[in-house]
Protein chains: 2
Amino acid sequence: MPRPKTRIQIRNSETILEAALDVFSAHGFRGATLDQIAEVAGLSKPNLLYYFPSKEAIHHALLTRLLATWLDPLRDMDAAGDPVAEVMGYVRRKLELSRDYPRESRLFAIEILQGAPRMREAIEGELKALVAQKAKVLQTWMDEGRIARLDPVHLVFSIWALTQHYADFDVQVRTVLGDGRDPYAEAGAFLETLYTRLLAP
Amino acid sequence: MPRPKTRIQIRNSETILEAALDVFSAHGFRGATLDQIAEVAGLSKPNLLYYFPSKEAIHHALLTRLLATWLDPLRDMDAAGDPVAEVMGYVRRKLELSRDYPRESRLFAIEILQGAPRMREAIEGELKALVAQKAKVLQTWMDEGRIARLDPVHLVFSIWALTQHYADFDVQVRTVLGDGRDPYAEAGAFLETLYTRLLAP
DNA sequence: ATGGGTTTTGACCATACGGTCAGATGTTGC
DNA sequence: GCAACATCTGACCGTATGGTCAAAACCCAT
């Protein structure tokens, strides 16, 4: 039960988290069952509970691991870089995250939607602090007249909303677009246009 | 059990749906329990099941009722009106919907997030058809050079994403903004700027 | 007031679920 | 080869949950 040490522990913990991501992101915390996760992982239920003390613990491990990945693209927005290019880079990286890690996006979305019962502190701490820091960077760029003057926090919200939409509402997006289209390629082009126009000073 | 007829039936069906909206939007379908709904409604569990044959039926009734309300603002976008004003009007109405009916927004979001298991047909039918129709209107406006040339469907997606974000991620929005701010007022101003710049031909 | 329909409920049932445990099976260092 | 430890499992438990039912309470037109 201590943090993974042996080869088997590392491998099985990984297998379990991977399976749990599948199931939690598809059905939510309450909707997911240990039996389902065990099935997907190819392990027995008691064996899951040999590696993690509870269902809660699995979920918590997933969310913790997720948050870092999720915030990295914003962290990479560099105060020393070219303002427009930096924001556009953030938009692009965030959209790639939606495309490549849709399950993570949905897991996050479900958690926030339900009031973030298991993530409150992370949001109030790490996430809020990072946004505050980057908002300051954006504000400086605006004050210098290098990008249009906007509310920097709402600018960040808009990036989150527009990129995550494609992962979280995937079913709707694909249904409405119809077959034979590439949602993410089109989204990339659309968002490029949108932010080019929005940010122009 | 037949559709509401007597006063009592109308009143209690309403009470149940109202309570169910509270509980389903907060915990998702699986996370909600009939006991919770009964408690909020101030009725006994067997009494709920006197008015609706099952938990599924309550959920289904809610979603059906919701969809119409949800699509109305888009329906009201008038091909004969001024293009920019019509789109801005849609954005404004949709944001008001998020502000005034956040539970409905979350219920919808949870459903789509989980693959729309109980709404597939409505999305493939009514919703898809309406978007196709309005996309044509937008395309005409673009062809006439009255608004900027963009992918009309992604334009609609952007409106959904940006407005629903404020209802669905309410906890995050309020936490990041901090106290003493009015998320919806600020969002209104931000979106006004955004779409003004985006739509300018 | 009374009889027939409507509404409400306490008690109950079957199932599903998270979690436990004693013991079986595997693995590894010596 | 074997002791010591790590990994795994079948059987089981208590509780929660969706749903049923017979009977009670209520309502209302006559």
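Residues numbered from 1 in each chain as written. Chains lettered and ligands numbered in written order. Predicted model: local features only at pLDDT ≥ 70, side-chain atom pairs only at ≥ 80, totals over all residues. Heavy atoms only, no water.

- In the annotation of an unreviewed UniProt entry, the entry for chain A reads TetR family transcriptional regulator, and the organism field reads Pseudotabrizicola algicola.

## Points about helix α8 (residues 152-168) of chain A
Residue and element names in this part refer to chain A.
Phase 1: With 17 residues, α8 extends 24 Å between its outermost C-alpha atoms, agreeing within 8% with the 24 Å of an ideal straight helix rising 1.5 Å per residue.
Phase 2: A large share of α8 lies buried, amounting to 17 of its 17 residues.
Phase 3: For α8, the capping residue at the N-terminal end is Asp 151, with a side-chain oxygen 2.9 Å from the backbone nitrogen of Val 153. (Helix = DSSP H or I, 4+ residues; strand = E, 2+ residues; numbered from the N terminus. Expected span 1.5 Å × (residues − 1). Buried < 20%, exposed > 50% of the residue type's maximum accessible area, 1.4 Å probe, protein only. Polar contact = N/O pair within 3.5 Å; in protein donor to acceptor, adjacent residues only side chain to side chain.)

## With respect to the interface of chain A and chain B
Phase 1: Listed per partner, the contact involves 55 residues of chain A and 55 residues of chain B.
Phase 2: Buried area between chain A and chain B, summed over both chains or domains, comes out near 4700 Å², and the portion from carbon and sulfur atoms is 70%.
Phase 3: At the surface where chain A touches chain B, the tally comes to two salt bridges.
Phase 4: Two residues, Arg181(A) and Asp151(B), come together in a salt bridge whose shortest N-O distance is 2.9 Å.
Phase 5: Residue assignment for the side of chain A that touches chain B shows that the elements contributing at least two residues are α1 (7-31), α6 (102-113), α7 (120-143), α8, α9 (170-177) and α10 (183-199) of chain A.
Phase 6: No other element matches α8(A), which puts twelve residues into the side of chain A that touches chain B. (Contact = heavy atoms within 4.5 Å. Buried area = accessible area lost by both parts, 1.4 Å probe. Salt bridge = Lys/Arg side-chain N within 4 Å of Asp/Glu carboxyl O.)

## Considering the packing of α10(A) against helix α8 (residues 152-168) of chain B
Phase 1: The interhelical angle for the contact between α10(A) and α8(B), taken along N-to-C directions, is 80°, at an axis separation of 10 Å. Between α10(A) and α8(B), the angle falls in the class roughly perpendicular. For the pair formed by α10(A) and α8(B), the contact residues are Pro183(A), Glu186(A), Ala187(A) and Phe190(A) on the first element and His154(B), Leu155(B) and Ser158(B) on the second.
Phase 2: Here the contact of α10(A) with α8(B) is built from residues that sort into four nonpolar, two polar and one charged. (Axes fitted to C-alpha atoms, helices over the stretch in contact; angles between N-to-C directions. Parallel < 35°, antiparallel > 145°, perpendicular 65-115°, else oblique. Nonpolar A, V, L, I, M, F, W, Y, C, P; charged D, E, K, R; others polar.)

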